[in-house]
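# Descriptive structure summary
Listed below, chain by chain, are the residues.
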Amino acid sequence: MFTGEFEHSVDSKNRIFVPAKFREELGESFIVSRDLRGARLKIFSLEGWQDYIAPILEQERKISEKAMRYLHRNAVQVSPDSQGRILLTRELLAYAEIEKSAVIVGCSTYAEIWSIENWKAELESESTEDIRLELERFGL
């Protein structure tokens, strides 16, 4: 399970350190993709990625092919180097608006990579009361 929040720099070669506890969960190779709902990236284990795209594969082929093309065209399968860094493409970094600093956030079955600026803005706009009400609606 992915939990926690970690701030890391992106080096001049577009590499970012992935926390050791996340690497243990992700395995030797994993997927980094654009998030469909905003300027951030998602990190999935290979199994998690298959679970994520499984509902798409059940759709009509005309729909599933477009969706798969969109999801896969900028996604990358990465393997951390000996220092725990992964290489992100320029396209992924640009999509997530990441220049120097990034935050990696655990989200249970996947993790997200945010630019530090977008992450701070997200936290500032977050309403604890709204989240509490939603969680209560879910029965928590």
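To start, this report covers the structure provided alongside it. Note that the coordinates shown come from a computational prediction; the quantities given were computed from them, not determined experimentally.

Quick notes on the rules
The written sequence of each chain sets the order in which its residues are numbered from 1. Since the coordinates come from a predicted model, pLDDT governs what is reported: local features require at least 70, and pairs of side-chain atoms require 80 or more to be given and counted, while whole-chain, interface and lining totals use all residues. Calculated side-chain values reflect all of the structure's heavy atoms, with hydrogen atoms and water omitted. The numbering of helices and of strands both runs from the N terminus, where a helix is a DSSP run of H or I of at least 4 residues and a strand a run of E of at least 2. Two things to know: the radius of gyration comes from C-alpha atoms, and the globule rule equals 2.2 Å times the number of residues to the power 0.38. Accessible area is worked out with a 1.4 Å probe on protein chains only. A residue is then buried under 20% of its type maximum, exposed over 50%, and partly exposed in between. Contacts are residue-level and defined by heavy atoms, with any inter-residue pair within 4.5 Å sufficient. To measure how exposed things are, a 1.4 Å probe is used in the Shrake-Rupley method; for residues, cover is taken only from the protein chains shown. Within this scheme the basic residues Lys and Arg register as positive and the acidic residues Asp and Glu register as negative, but His and the chain ends are omitted. For charged residues, the charge sits on one atom: NZ in Lys, CZ in Arg, CG in Asp, CD in Glu. Residues belong to a common nonpolar core when they are buried Ala, Val, Leu, Ile, Met, Phe, Trp, Tyr or Cys residues joined through side-chain atoms within 4.5 Å. Each reported salt bridge corresponds to a side-chain nitrogen of Lys or Arg within 4 Å of a carboxyl oxygen of Asp or Glu. Following DSSP output, two strands are said to pair if at least two bridges run between them. Angles shown run from 0 to 180 degrees and are taken between the N-to-C directions of axes, each axis being a line fitted to C-alpha atoms and, for helices, limited to the stretch in contact.

### Details of the overall build of the protein
A count of helical and extended segments in the protein gives six helices and eight strands. When its helices and strands are written in sequence order, the protein yields β-β-α-β-β-α-α-β-β-α-β-β-α-α. Compactness check: the protein gives a C-alpha radius of gyration of 16 Å against a globular reference of 14 Å for 140 residues, within 12% of the reference. In terms of its C-alpha atoms, the protein occupies a principal-axis envelope of roughly 45 × 40 × 25 Å. Residue burial in the protein is summarised as follows: out of 140 residues, 38% are buried. When contacts within the protein are restricted to residue pairs at least 6 apart in sequence, long-range pairs at least 24 apart make up 57% of them. Of the roughly 8800 Å² of accessible surface on the protein, 50% is carried by carbon and sulfur atoms. Here the protein holds 19 positive side-chain charges and 25 negative ones, and the gap between their average locations is 7 Å.

### Some words on the nonpolar core
Ranked by internal contacts, the top residues of the largest apolar core, which has 22 residues, are Val-32 and Ile-113. Listing elements by their share of this core, those giving two or more residues are helix H1 (20-26), strand S3 (30-34), strand S4 (41-45), strand S5 (76-78), helix H4 (90-95), strand S7 (101-106) and strand S8 (111-115). In contact with Ile-113, not counting residues within four places along its chain, are Ile-16, Arg-40, Leu-41, Ile-43, Leu-88, Ala-96, Ile-98, Ala-102, Val-103 and Ile-104. Formed by nine residues, the second largest nonpolar core is a distinct cluster that contains Ile-31, Trp-49, Ile-56 and Leu-71.

### Some points on the environment of Ala-102
Mapped onto the secondary structure, Ala-102 falls in strand S7. On the basis of relative accessible area, Ala-102 is assigned to the buried category, the value being 0%. Spatially, the C-alpha atom of Ala-102 lies 8.3 Å from that of Glu-117, the residues being 15 residues apart in sequence. With residues near it in sequence (within four places) discarded, Ala-102 still touches Phe-6, Glu-7, His-8, Val-10, Ile-16, Ile-113, Trp-114, Ser-115 and Ile-116.

### A look at the pattern of salt bridges
Pairing is possible between side chains of opposite charge, provided their charged atoms come close. For the structure shown, the criterion picks out nine salt bridges. In this structure, Asp-11 engages Arg-85 in a salt bridge whose closest nitrogen and oxygen atoms are separated by 3.9 Å. You can see Asp-11 sitting in the loop between strand S1 (5-9) and strand S2 (15-17) and its partner Arg-85 sitting in strand S6 (residues 85-87), a full 74 residues away along the chain. Across the pair Arg-40 and Asp-35 runs a salt bridge, and its minimum N-O distance is 3.0 Å. Exposure remark for Arg-40: the relative accessible area of 14% places this residue in the buried category.

### Structural notes on the sheet that holds S4
If you walk across this open sheet you meet the six strands as S1-S7-S8-S4-S3-S5, and the pairing is antiparallel. The open sheet terminates on both sides in strands that have one partner only, identified here as S1 and S5. The mean inter-strand angle of the sheet, taken between neighbouring strand axes irrespective of direction, is 25°. Alignment of S3 against S5, held across three bridges, turns out to be antiparallel. Bridge pairing links Phe-30 to Val-78 in S5. Along the sheet face, helix H2 (residues 46-57) touches S3, S4 and S5 and points at about 110° away from the line of S4.

### Focus: the environment of Val-78
Among the structural elements, Val-78 can be located in strand S5. Note: C-alpha distance between Val-78 and Ala-67 (11 residues apart in sequence) is 21 Å. Beyond its immediate sequence surroundings of up to four residues, Val-78 is in contact with Glu-28, Ser-29, Phe-30, Val-32, Ile-86 and Leu-87.

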